[in-house]
Amino acid sequence: MTSHQEISPTATFDLVAYLTERQPQIEAALDAAIRPGYPDTIYDAMRYSLLAGGKRLRPMLCLASCELIGGSIDSVMPMACALEMVHTMSLIHDDLPAMDDDDYRRGKLTNHKVYGEDIAILAGDGLLAYSFEYIATQTQGVSADKVLKAIAYLAKASGANGLVGGQVVDLESEGKPDISVETLTYIHNHKTGALLKACVVCGAILAGATDTQLEKLSKFAHNIGLAFQIIDDILDITATQAELGKTAGKDVQAQKATYPKLWGLEESKRQADKLVAEAKAILAEFGDRARPLQALADYITDRKN
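Note that the coordinates shown come from a computational prediction; the quantities given were computed from them, not determined experimentally.

The rules behind the values
Residues numbered from 1 in each chain as written. Predicted model: local features only at pLDDT ≥ 70, side-chain atom pairs only at ≥ 80, totals over all residues. Heavy atoms only, no water. 1 Å grid on protein atoms, 1.4 Å probe; cavity = no way out; pocket = protein on both sides within 12 Å on 5 of 7 lines; lining within 4 Å. Points joined across faces, edges and corners; volume = space filled by probe spheres on them. Helix = DSSP H or I, 4+ residues; strand = E, 2+ residues; numbered from the N terminus. Buried < 20%, exposed > 50% of the residue type's maximum accessible area, 1.4 Å probe, protein only. Polar contact = N/O pair within 3.5 Å; in protein donor to acceptor, adjacent residues only side chain to side chain. Axes fitted to C-alpha atoms, helices over the stretch in contact; angles between N-to-C directions. Parallel < 35°, antiparallel > 145°, perpendicular 65-115°, else oblique. Contact = heavy atoms within 4.5 Å. Nonpolar A, V, L, I, M, F, W, Y, C, P; charged D, E, K, R; others polar.

Comments concerning the layout of surface pockets
As a volume, the second largest pocket reaches approximately 220 Å³. Lining the second largest pocket, in full, are Y153, K156, A157, N161, G162, N189, H190, G193, A194, K197 and H222. Among the secondary structure elements, those contributing two or more residues to the lining of the second largest pocket are helix 7 (144–158), helix 9 (181–191) and helix 10 (193–207).

Points about the environment of T20
Within the secondary structure layout, T20 lies in helix 1 (residues 15–33). For T20, a relative accessible area of 40% translates into the label partly exposed. In this structure the side chain of T20 is engaged in a polar contact, spanning 2.7 Å, whose partner is the backbone oxygen of V16.

Describing the packing of helix 2 (residues 40–50) against helix 6 (residues 117–138)
Between helix 2 and helix 6, whose axes approach to 9 Å, the crossing angle comes to 75°. Comparing the axis directions of helix 2 and helix 6 gives the class roughly perpendicular. For the pair helix 2 and helix 6, the contacting residues are T41, I42, A45, M46 and L50 in the first and I119, L122, A123, G126 and L127 in the second. Residue composition of the contact of helix 2 with helix 6, grouped by class: eight nonpolar, two polar and no charged.

Following this line, the structure appears as structure tokens:
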């Protein structure tokens, strides 16, 4: 987690206080969601990566979106935990030698470096499968049709039409000198953006959002998802390994197409800022209830890791 001193509150909303309140709730819920069990190795491996810290941005977005629509934190917490499980699965698999091949994540050895590639793959599989079981069995106070709609949305975001598809095009694009902005944007709208969008949309679905509200929140999430990835590309160049908690300079090493490579650092930052400004404006009509989401949008471009 970035230190509180590095987070700038937005307008009159105190993001530091919001994160200070929400983060322990999320950590406790994640710890309770998957308890140690047999076989010990798989549960240890799943918990190792799930409880390794991090910004918890995805569960935060889910909770904030639910609150914006008027839902309760308790009703959406299983979904928030499930989203972090899916995200953690993607990190475990992304770090494998066959993918991005990284030894560190969140300042700790990656899952396969501790448990081996075989268990790391299975730990990711276990988290993905359990995420949907957890939503289905633990969500309380929400109608079955809303739970089903949210599960379907998350499943689509997690598969070949979402993060899996984005990862495939990302792998196929490595080392190619002529990757277009359109292809790069496809990769990140799917590999990163699809799950971020699911965080915002699924929280709102469970809270009973209308189709019009879901459309606005989807546009907001689309923008912040792309901004998130642009900043990731920038940080891979400008931040240290200690700041990132993972190996710096991996994109250049892998000859990946990135926004700074296509646009330069200054234009990339400008584009990210523009996306966030547009995202915040989309939520203006929600008034004060939108402030947590708007502040989290600013955090995406202000973060150091």
